[in-house]
Amino acid sequence: MRVKNLFSAAAGAFLALLGCSIVLAQESDVISLTKDTFKTVVEPEKLILVEFFAPWCGHCKALAPEYEEAATTLKAENIKLANVDCTAETELCAEHEVKGYPTLKVFKDGKASEYNGGRKANLIVNYMKKQALPARTDVNIENFDTFKDSDDKVVIGFFGVDDQKEFNIFSEISEELRDDFIFGVTGQQEVITKAEVKLPSVVLYKKFDEGKNVFEGNFTKEELISFIKKNSIPLLAEIGPENYASYVDSGLPLAFIFYDDEEQRTKLGKDIEPVAKEHKGKVNFVYIDATKFGQHAENINLKQTWPAFGISLPDENLKFPFDQSKEITTEAIKDFVDKFVKGELSPSIKSESIPENNDGPVYVLVADNFEKVVYNDTKDVLVEFYAPWCGHCKKLAPTYEKLGEAYKNVKDKILIAKMDSTENDLPPKAKFQVAGFPTIKLFKAVDNEIVDYSGDRSYESLVEFLDKNAHNKVNLESSTPEPSSSKEPAPTTTAAQEDRKHEDL
């Protein structure tokens with residue numbers, strides 16, 4: 001009897017749990033889609049956001065509660081959120097070219113575009129609200145105050161009947177930047193008078209710093225975009241995965257203030273704020289929580305000791321670490337940033353020591369010998385950029401060693417080389433960045449033209465690539481290594497890789 005009671009209790013608990021799960025599933029505001037329901041749900045909607053995910057994906061698990069919260073909030077706006085389990089709907093996900101998880105796509109009247117917003121609920125909500133709006137909202141005296149305060153950043157253009165050229169530029173920009181900004185336009189005299197502007201004019205209204213910025217440059221597309229992006233960044237704000245891309249997109253150098261507790265953050269802010277004000281529009285200053293993102297310090301060639309300060313140029317992968325033996329003071333940071341802005345600081349180039357013995361089949365490159373070896377007019381140099389932790393790199397290693405062995409007697413014409421990208425920076429002369437591992441590039445003799453390798457990772461394909469693209473032509477010895485059977489495709493930078501980059505900053 002007792003066993004029966006225990007079983008009944010366990011069964012009851014299980015059924016209660018199951019019932020709870022059913023209730024939760026029914027209460028979810030995220031629509032689960034399959035191949036059979038995708039078109040019937042998505043195509044009729046003027047606007048819907050779809051997440052393509054895998055249940056085992058860590059980023060997907062982190063996104064799930066945020067996505068659910070956003071779906072609930074957006075119900076009031078009649079904007080739907082849906083998802084697709086790609087482990088169950090492989091054909092559907094392949095049809096939509098899903099290469100990493102999570103992948104989010106915005107569908108308007110059935111047509112897909114990439115989602116470029118953040119992963120927090122409020123950022124998803126704000127992004128989708130912007131998508132629901134027209135590229136430009138007509139502003140009048142009745143809605144002016146409400147509209148300019150409707151978001152953290154609102155751009156309003158003021159134009160008269162003779163400002164058609166300027167209006168056309170503004171209209172083009174509003175289409176291009178609609179994912180990130182809310183745009184309004186008006187020619188009503190009452191609004192122009194209230195806003196105290198001269199025609200034509202563009203004003204960025206914002207809920208931080210000075211409250212608004214009035215465009216005073218030459219009315220060109222380039223200058224107006226630069227004005228909007230630069231002034232939409234707060235003077236001092238926290239940086240994280242959800243806003244890192246917007247800072248990079250601004251095109252300005254990034255000055256990182258690393259702190260490990262609130263007391264330290266407050267003191268650093270007080271010391272550095274005067275410098276940030278002086279260089280606003282030239283350098284973006286951000287706080288970065290070292291307890292969460294301390295490893296990013298290594299990306300600026302800083303040690304993980306706090307506090308710390310450093311400047312990076314993400315687009316050029318240049319790094320300027322502040323001397324960690326010095327105290328961070330207003331005077332010291334001002335002197336450092338002043339020199340940076342004037343171009344008086346040399347970038348820091350991280351490098352391993354040049355190997356004393358470099359006679360192996362694959363030549364070891366480090367930052368300090370990269371230019372001398374790679375930009376050599378007499379020889380072609382094939383370089384694998386790798387990371388020690390990269391599984392694809394480990395699989396490629398034996399094949400790449402065989403390739404080096406095959407070309408070892410013709411090193412003066414074709415050199416097979418590799419570089420650990422986690423321990424060595426690219427020198428300024430290298431006008432490219434390594435986006436994924438392994439990345440293989442051929443630096444040709446004579447003109448140093450760079451040819452990217454995109455074939456599979458087999459020995460035969462690598463040899464064929466060199467035969468076709470190398471400037472120097474060679475005949476390999478008959479005792480070349482046995483053909484490899486690996487046909488693993490070359491890597492691509494997936495959505496998951498991009499997400500990890502932002503997650504790590």
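For the structure itself, look to the data block above.
The structure presented is a predicted model; accordingly, all values stated were derived computationally and were not measured.

Attention shifts here to the sheet that holds strand β3 (residues 80-85). Reading across the sheet, the five strands line up as β1-β3-β2-β4-β5 and stay open at both edges, with mixed pairing between neighbours. The open sheet has two free edges, formed respectively by β1 (30-33) and β5 (111-114), since each of these has just one partner strand. Averaged over all pairs of adjacent strands, the angle between strand axes in this sheet comes to 30°, irrespective of strand direction. Bridge analysis of β1 against β3 gives four bridges, and the strand direction is parallel. Looking at β3, one finds that V30 is bridged to L81. Of the strands in this sheet, β1, β2 (48-53), β3 and β4 (103-108) are in contact with helix α3 (residues 58-74), which crosses β2 at around 165°. Across the sheet, helix α5 (residues 121-132) touches β2, β3, β4 and β5, and the angle it forms with β4 is around 25°.

What follows is about the pattern of salt bridges. Counted according to the given criterion, the structure contains 25 salt bridges. Between K129 and E77 there is a salt bridge, with the nearest N and O atoms lying 4.0 Å from each other. Taken together, the positions of K129 in helix α5 and E77 in the loop between α3 and β3 put the pair 52 residues apart, joining distant regions of the chain. Salt-bridge contacts for E278 lead to K334; the nearest nitrogen and oxygen are separated by 3.0 Å. Here the residue E278 occupies a position in helix α11 (residues 262-278), and K334 occupies one in helix α13 (residues 330-341), the gap between them amounting to 56 residues. Judged by relative accessible area, K334 falls into the partly exposed class, the value being 31%. Where salt bridges share partners, they join E172, E176 and K221 into one cluster.

The next subject is the environment of D420. On the secondary structure map, D420 appears in strand β18 (residues 414-420). As for D420 and A387, which are separated by 33 residues in sequence, their C-alpha atoms are 5.6 Å apart. When residues no more than four places from it in sequence are discounted, the contact partners of D420 are E352, Y386, A387 and P388. A polar contact of 2.6 Å, which involves the side chain of D420, links it to the side chain of T422.

Rules used in this analysis
- Residues numbered from 1 in each chain as written.
- Predicted model: local features only at pLDDT ≥ 70, side-chain atom pairs only at ≥ 80, totals over all residues.
- Heavy atoms only, no water.
- Pairing = 2+ DSSP bridges.
- Helix = DSSP H or I, 4+ residues; strand = E, 2+ residues; numbered from the N terminus.
- Axes fitted to C-alpha atoms, helices over the stretch in contact; angles between N-to-C directions.
- Contact = heavy atoms within 4.5 Å.
- Salt bridge = Lys/Arg side-chain N within 4 Å of Asp/Glu carboxyl O.
- Buried < 20%, exposed > 50% of the residue type's maximum accessible area, 1.4 Å probe, protein only.
- Polar contact = N/O pair within 3.5 Å; in protein donor to acceptor, adjacent residues only side chain to side chain.

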